Amino acid sequence: MLTQVHAATGTGLDAFFKAQGVAVVGASDDITKIGGRPVQLLRKYGYAGAIYPINPKGGTIQGLQAYASVLDTPTAPDLAILAVPAQAALQAVRDCADRGVRGVIVLSSGFAEAGPEGAALQAEMVRVARSHGMRLLGPNCLGTVNVVDRLVGSFSIALEQSLPPAGQVGIVSQSGNIGSFTMRNMAERGMGVSRFIATGNEADVDVADGIAALAQDADTRIILCCMETCRHAGRLVEALDMARANNKPVIVLKIGATEQGQAAAASHTGALTGSDAVFDAVFRRYGVLRVRSFEDLLNVGHAAVLLGTGRLPATDAVTLVAASGGFGIMMADAMVEAGMTLPQLTDSTKALIREAVPTAGTNNPVDASAQMSARPDILLKMLTALQEDANGSTLVLLLALSLYNPRLRGTYMEALASIRASHPERLMVLISQGPPDAVAEINALGIPVFPSIPAAATGLAGLVQLGRLATLPATPAYGGPVDGVDAAVFRNEFHAKRALAAAGISVPREEVVASADEAVRSARTTGYPVVLKIASEDIAHKTEIGGVALDLHDDAAVLEAYERIMANAKKHAPHARLDGVLVAPMVRGGVELIAGVSRDPVFGPVVMVGFGGIYAEVLKDVAVQVAPVSEDEAVRMIRSLKMFPLLDGARGRAKADVAAAARTVAQLSEFACRHARDVAEIDMNPILVKPEGEGVLVLDALMVPTAAGHANSH
């Protein structure tokens, strides 16, 4: 009996891109129909392989011999394109499997997106395909295109007039229309496309398969991806890792946010960790550039292709040049907001600029005045000085209206061509809105042109990120055991902190007591001042019910606080199970952080770190990453917080022990991976970060069970 196996990520997609022979099931003479379009496009653009129209009537279709079934073709095609109603698709998939077809594109709709009956049909198609080792794309998709080999497995209207020029951009999209729009826009910019794949319902082949296949494709140098969601986290990160390993930049337009697994989270961590932020973190880890608009996808994608991986900016430094001081200030504001830096020019560079343009302002941004475009040799002399400056920055030149003036356009084109010839490795970017033919001429020199100052700022910041792809550290992976956890950790913070302490995380000496007298004895042993807190698995937020007493300096204060806390608990949480009262030392000094773990519905355990105390939910100043995280990653997370200067000695404060805080976050992430089966959420709030070299203390902790952990605890 044949078994159903999910293919390894990216394998088998050569059936779509390198097919020797294509069958179109449901083929039609009418090129306005879905069944007519693929036959027409394959013929129109000169696909070299065999084309087999399949139609029960046989005869000829669009001048080609037609066959009643794919079982009747002279040879087994590698690829079959299905353009038949949903009810007929299953039998067509069975016929393809029996014929030895290696890949099937199901263009038709009416499957999982249409309801339970369609979902059952879709599931059976996948079962048949996988049991025969056949990849299935779709259903409800726009198929694939291999521009290089003119292999069109699509009915997209974006291909009706012309095929995009062959080039190095691969496009992967879950949405067929967005993907087609991307392909058409790339072509209009004169950018070549290598491969296109739209995954539709993703019954078998998904967006991760597409990325992985293009990461290993010799014709593709950059991957543009339009993504709505992720159905399998492991496959996606494997694909992104392949792209990183092959130094193929990936730019993702991610739209929408995955729904949270639970509407109301029990911990601060669950409330503060949003799925969209987790996607951001995953993309950042693998060097993927996430863009927020279609325009940015096109602008940055175009620039990255023009530059190639060898000329992407190695630094975030920019030197800004405009013929107007006002434009220079606007450029500086936008660049700094995007995270770019503006280094000063050397004295020798300033002197050379003044020699070329005596009226120029020589700070960065450079106010070159209208004189810079008086003659090509003047402009070339100034640009040469800037390109030879020792700071190694990217030169950003704004041309507001000059390219619309024939005389000035000639000046700029001559100077730009000369500077590219003399300094081919130095990076230059222009900001101009046109005219289009002038922009195309500048692009042909290998110089990216952005249409606006904001687009140039975000685009350059993105190119800097892509330029760091090859230097990214290896991604941490958890290879240890997956163990259960003592159910007591869900009862109260005492047991939660004991489990964390066993994992190497620093917690105070403390104990749970069941009477006021025990509380006094414990306080004396601990040493005054002390803190008392209610211990109960049913009370997550202790302060809200009056379950905490701080800074107790003597026996009388402890006796009174114990009685008050117990009375408050019984009054405000009458049904709560009470384990007693926790006695802990009152710790002062340092900076408060919060760290925790929540379970993302796609990526699993996610670790979070942010500023604790009153800042946690007010400012939402947090950083997240999928567990596990390395200590280096944890340092980067902490340093990315807006309030990081509080840890870094701002306003004369002592520097905090950031290394110890990062170590604690890394240890927490390992703990989360080890106990992922039982523990859904962990909240460590606050973590007191002491001065440098003195470590940290986790002052409070909460653990929330998964369904499995909950079952084990009862």
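Check the entry above for the structure.
Residues numbered from 1 in each chain as written. Predicted model: local features only at pLDDT ≥ 70, side-chain atom pairs only at ≥ 80, totals over all residues. Heavy atoms only, no water.

Attention shifts here to the packing of aromatic side chains. The full count for this structure, using the stated rule, is four aromatic pairs. Both rings, one in F279 and one in F603, keep their centres 5.1 Å apart while their planes meet at 85 degrees; by these two values the pair is edge-to-face. With F279 in helix α9 (residues 275-285) and F603 in the loop between β24 (591-600) and β25 (604-611), this pair connects stretches of sequence that are 324 residues apart. These aromatic residues form a ring-pair network of at least three members: F279, F283 and F603. Above the ring of F279, the side-chain terminus of K254 is found at 4.5 Å from the ring centroid. (Phe/Tyr/Trp six-rings, centres within 6.5 Å; stacked < 30°, edge-to-face > 60°. Helix = DSSP H or I, 4+ residues; strand = E, 2+ residues; numbered from the N terminus. Lys NZ or Arg CZ within 6 Å of the ring centre and 35° of its normal.)

An α-helix turns once every 3.6 residues. As a result, residues three or four positions apart point the same way. Within helix α2 (residues 37-44), six of the eight residues are buried, leaving the element largely enclosed by the surrounding structure. Every buried residue belonging to α2 is among R37, P38, V39, Q40, L41 and L42, and all of these are buried. Of the surrounding elements, those touching the buried residues of α2 are β1 (22-25), β2 (51-54), β4 (64-65), β5 (79-82) and β9 (151-153). Trailing α2 by a residue or two, G46 shows a phi angle of about 85 degrees, which is positive. (Buried < 20%, exposed > 50% of the residue type's maximum accessible area, 1.4 Å probe, protein only. Contact = heavy atoms within 4.5 Å.)

Moving on: the sheet that holds β5. Strand order in this open sheet of five strands is β2-β1-β5-β6-β7, and the pairing throughout is parallel. Only two strands of the sheet have a single neighbouring strand rather than two, namely β2 and β7 (135-137). Pairs of neighbouring strands in the sheet enclose a mean axial angle of 15 degrees, with direction left out of account. With four bridges connecting them, β5 and strand β6 (residues 103-106) associate as parallel partners. When the bridges of β6 are listed, I81 appears paired with I105. This element, α2, spans β1, β2 and β5 of the sheet and lies at about 150 degrees to β1. (Pairing = 2+ DSSP bridges. Axes fitted to C-alpha atoms, helices over the stretch in contact; angles between N-to-C directions.)

Attention now goes to the nonpolar core. Core analysis: the biggest nonpolar cluster contains 113 residues, and V22, I211, L240, I251, M335, L463 and F603 have the highest contact counts within it. Those residues in contact with F603 that sit more than four places away from it in its chain are A233, L236, V237, V278, F279, V282 and V626. Judged by nonpolar contacts, the second largest core, of 41 residues, contains V597, V629, I638 and A672. (Core = buried A, V, L, I, M, F, W, Y, C linked by side-chain atoms within 4.5 Å.)

As a further point, take unusual backbone geometry. In this structure, P529 follows Y528 across a cis peptide bond, with omega equal to -5 degrees. Within the secondary structure layout, P529 lies in the loop between α18 (516-526) and β21 (530-535). For the bond from N685 to P686, the omega torsion is 5 degrees, close enough to zero to count as cis. Within the chain, E202 stands out as a residue other than glycine whose phi angle is a positive 55 degrees. Here E202 is to be found in the loop between β11 (193-198) and α6 (207-215).

Moving on to the sheet that holds strand β14 (residues 289-291). Spatially, seven strands are ordered β9-β8-β11-β10-β12-β13-β14 in an open sheet, and the strand pairing comes out mixed. At either margin of the open sheet sits one strand with a lone partner, and together these are β9 and β14. For this sheet the average axis-to-axis angle between neighbouring strands, irrespective of direction, equals 15 degrees. In the sheet, strand β8 (residues 143-146) pairs with β11 via four bridges, with the strands oriented antiparallel. Within β11, the position partnered with V145 by the bridge is F196. Sitting on the sheet, helix α10 (residues 294-307) is in contact with β10 (166-173), β12 (222-227), β13 (250-254) and β14, with an inclination near 170 degrees to β12.

All right, on to the side chain of S131 then. Position of S131 relative to the elements: it lies in helix α4 (residues 116-131). On the accessibility criterion, S131 (9% relative accessible area) is buried. A distance of 2.8 Å separates the side chain of S131 from the backbone oxygen of V128, its partner in a polar contact. (Polar contact = N/O pair within 3.5 Å; in protein donor to acceptor, adjacent residues only side chain to side chain.)

As a further point, take the environment of V602. With respect to the helices and strands, the residue V602 is situated in the loop between β24 and β25. With relative accessibility at 18%, the residue V602 sits in the buried group. C-alpha of V602 to C-alpha of P56: the two residues are 546 residues apart in sequence and 44 Å apart in space.

It is worth spelling out helix α7 (residues 233-245) at this point. When the terminal C-alpha atoms of α7 are compared, their 18 Å separation across 13 residues agrees well with the 18 Å that a helix rising 1.5 Å per residue should span. Every buried residue belonging to α7 is among A233, R235, L236, A239, L240, M242, A243 and R244, and all of these are buried. Those residues of α7 that are buried lie in contact with β7, α6, β12, β13 and α9. (Expected span 1.5 Å × (residues − 1).)

With that settled, the discussion passes to the pairing of β21. Taking burial as the measure, the six residues of β21 include six buried ones, the bulk of the element. Bridge count between β21 and strand β22 (residues 548-552): three bridges; the pairing is antiparallel. Bridge pairing in β22 places K533 opposite V548. With six bridges joining them, β21 and strand β23 (residues 580-585) adopt antiparallel strand pairing. Opposite K533, over in β23, you have L582 as the bridge partner.

Turning next to the pattern of salt bridges. Counting across every chain of the model gives 40 salt bridges. In this structure, E124 engages R127 in a salt bridge whose closest nitrogen and oxygen atoms are separated by 2.8 Å. Highlighted residues: E124 and R127, both in helix α4, separated by three residues, approximately one helical turn. R577 is the partner of E537 in a salt bridge, and the nearest nitrogen-oxygen pair spans 3.5 Å. Of the two residues, E537 is situated in the loop between β21 and β22 and R577 in the loop between α19 (555-572) and β23; the sequence distance between them amounts to 40 residues. One network of salt bridges, with partners in common, ties together R130, R135, D204, D206, D209 and R235. (Salt bridge = Lys/Arg side-chain N within 4 Å of Asp/Glu carboxyl O.)

Okay, the packing of helix α12 (residues 347-356) against helix α13 (residues 376-387) next. Orientation of α12 relative to α13, taken along the N-to-C sense of each, is 175 degrees, at an axis distance of 9 Å. Accordingly, the angle class assigned to the pair α12 and α13 is roughly antiparallel. Here α12 contributes T349, L352, I353, E355 and A356 to the contact with α13, which in turn contributes I378, K381, M382, A385 and L386. (Parallel < 35°, antiparallel > 145°, perpendicular 65-115°, else oblique.)

Attention now moves to the environment of G612. With respect to the helices and strands, the residue G612 is situated in the loop between β25 and α20 (615-619). In this structure, the C-alpha to C-alpha distance between G612 and I594, residues 18 residues apart in sequence, is 4.4 Å.

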